[in-house]
Amino acid sequence: MKPASLLPGSPARIPYWRLTLLILVVYLVYLPLSGYAMLYNDALNYWFISIFFHKDGHLSLLNFHDSFRGYLLPLLLLPMRIVQFYSGLPAILFARLFGAVLAAVGFGWLGPRLWQTVAQTGPLSWPRRAAFAALGFALWRDYFNFPLTDFPSLGALLLGLLLLHRRGLWWTVLAGACLAAACNIRPSYLIAVPFFVALALVLPGPARKWGRLARGLALVAGAALVLGPQLLINQRHFHQNTPLVLAQDENLETDNLYREKLKWGLLHQKYETRIGTDYPDRVMIFRDYAGEALVRQERIGWFDSYGSYLQLVLRHPAVFARMYAWRLFNGLDIQYPTPYIKQVYVPTWGLAWLNYTVWFGAALVLLRARLRHLTLPQGLVLAVLLVPCVPMLPMSMECRFLLPLHLLLYAVLCFGWPRAWHPARLPRRQLVAVGVSFVAFVALCFWASATAQATLELGPRTLW
């Protein structure tokens, strides 16, 4: 988020709610035409476990008994699950409705409004907001066919940040509930909690002697409203006194999902899922040859602690720096606008070119921005959004793991691009320099992407 001086706003001639409604209509029209007829894998599982709340003819939060996932997303899906059961309609119809609402609210209102609030600028013009929504549609559109955790959890976190900027303790209670919701739906956001709390304490609040204490207690109260049921569920079914998602499964080699993924993260630089027939396996694994060599050299099994992993990193800092750089690139390198790939061996250079263009444009804006002028609250907002991306780097990377960074880049480009940057107003020499830099940057990105795609385990692919 950048200072207001870098974000000239023009009157929003199309109100936020109208553009949000338009986006909703676009998704409701598009999603039935996207070529998906059913739910798959994790999406199907979330839909299935929403019925866990019903047992012996009674509905209760405490009936939920999945130790691997939080209760909140299945609870949100439960009303649609009930209607689907009695109507006999395909589950994906309800998932599309859920997704279309998420997309419309997120791209049409929540994202732009949070930028406007944090950057302290005037209302954003409708072309900027439409461009932001268009990028979201182009690069992520098919995700909204499926009830996955990525967009609901990030949406809850963004809403919490927005509510935190409003004065009044009740808004802070709701902000705490949103933060807890994000963590329950996707536990990787737990690492953002300290920065969220710090933001709550530095933002202007009640003008009372005990204002900060009251705000902190309000935040805790809001979080307790959401995490309390998870605590009771864990106590009742798993005999553990924690309000956090256990993330435990009998099929895991370790008792901790993240530690298990640390091992796979050494072997795989990227991971995707296909549902089509042009690839021999359901899982698309992109091998990391340096990681494989390290596993053989060190005879690495499953990590029994985070300390043992850290010791390995300290013994091989150059290897891990290179691995993390590739994970970051692969996490940003969108090749398909879907979590479930129907055709693996299809040209994806057009989508990749658009994505690299976004990176280049956002980088230009950031290079121009005087980030040293960021206020403390703005810096904390950035930390809340970006710090959860850091623990994803040691894992088998999926683009959705870096979703906050993706959307931040879109926002920087669409909302931060100066109006003065018009080709007709720039000197020719400057235009040539930018053009040459753009061509070199995109060429480098295509080379890096082609290098990564060539490591696909059961059949390397190209972008063309």
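If you're wondering where the values come from, they're calculated on a predicted model, not measured in any experiment.

Chemist: How should the packing of helix α8 (residues 193–202) against helix α9 (residues 211–238) be read in this particular structure?
Modeler: Angle between the axes and distance between the axes are the two parameters that describe a pair of packed helices. At a minimum axis separation of 9 Å, α8 and α9 run at an interaxial angle of 145°. Seen from above, α8 lies across α9 with right-handed handedness. Residues F196, V197, A200 and L201 of α8 lie in contact with α9, whose contacting residues are R212, R215, G216 and L219.

Chemist: Can you help me understand a nonpolar patch on the surface in this one?
Modeler: Taken together, the side chains of W17, L21, V25, V29 and L33 present a nonpolar region at the surface, about 540 Å² in accessible area. As for its position among the elements, L21 is in helix α1 (residues 16–30). For L21, a relative accessible area of 44% puts it in the partly exposed group.

Chemist: Please explain the packing of aromatic side chains as it appears in this structure.
Modeler: How two aromatic rings sit relative to each other is set out by the distance from centre to centre and by the angle between their planes. All chains considered together, the criterion is met by 38 aromatic pairs. Ring geometry for W47 against F94: centres 6.3 Å apart, planes inclined by 25°, an arrangement best described as stacked. Linking W47 in helix α2 (residues 41–49) with F94 in helix α4 (residues 91–119), this pair joins segments that are 47 residues apart in sequence. For W47, a relative accessible area of 4% gives the class buried. Ring pairing ties together the aromatic residues Y27, Y30, F107, W115, F132, F137, W140, Y143, F144, F151 and F415, which thus form one cluster. The residue whose ring lies beneath R113 is Y16, and the NZ or CZ to ring-centre distance is 6.0 Å. Of note, R141 hangs over the ring of F137, and the distance from its end group to the ring centre comes to 5.9 Å.

Chemist: Looking at this structure, I do not really get the sheet that holds strand β3 (residues 268–274). What am I missing?
Modeler: A sheet is described by the order of its strands in space; here three strands give the open sequence β4-β3-β5, paired in mixed fashion. Strands with a single pairing partner mark the edges of an open sheet, and in this sheet they are β4 (283–287) and β5 (340–341). As defined by bridge partners, β3 adjoins β4 across five bridges and the pair is classed as antiparallel. When the sheet's bridge partners are listed, E272 is paired in β4 with M284. Packing against the sheet, helix α10 (residues 257–267) makes contact with β3 and β4, and its axis sits at approximately 100° to β3.

Chemist: Could you clarify how one ought to interpret the nonpolar core in this entry?
Modeler: Considering soluble globular proteins, one finds that nonpolar side chains tend to be buried as a cluster. If you look at the biggest cluster of nonpolar residues, it comprises 118 residues, and the most contacted ones within it are F107, W140, L157, F196 and Y410. For this core, the element with the most residues is α4, which contributes 14 residues. If near-sequence neighbours (up to four positions away) are discounted, L157 is found in contact with C178, L179, A182, Y189, F196, V384 and L385. Residues L294, V295, Y309 and V313 belong to the second largest nonpolar core, which totals 12 residues.

What counts, and at which threshold
Residues numbered from 1 in each chain as written. Predicted model: local features only at pLDDT ≥ 70, side-chain atom pairs only at ≥ 80, totals over all residues. Heavy atoms only, no water. Axes fitted to C-alpha atoms, helices over the stretch in contact; angles between N-to-C directions. Helix = DSSP H or I, 4+ residues; strand = E, 2+ residues; numbered from the N terminus. Left-handed = near helix turned anticlockwise from the far one by under 90°. Contact = heavy atoms within 4.5 Å. Patch = residues over 30% accessible without salt bridge, like charges linked within 9 Å, V, L, I, M, F, W, Y side chains within 5 Å. Areas by Shrake-Rupley, 256 points an atom, 1.4 Å probe, with all protein chains shown as cover. Salt bridge = Lys/Arg side-chain N within 4 Å of Asp/Glu carboxyl O. Buried < 20%, exposed > 50% of the residue type's maximum accessible area, 1.4 Å probe, protein only. Phe/Tyr/Trp six-rings, centres within 6.5 Å; stacked < 30°, edge-to-face > 60°. Lys NZ or Arg CZ within 6 Å of the ring centre and 35° of its normal. Pairing = 2+ DSSP bridges. Core = buried A, V, L, I, M, F, W, Y, C linked by side-chain atoms within 4.5 Å.

Shape descriptors only; they carry no functional weight alone.
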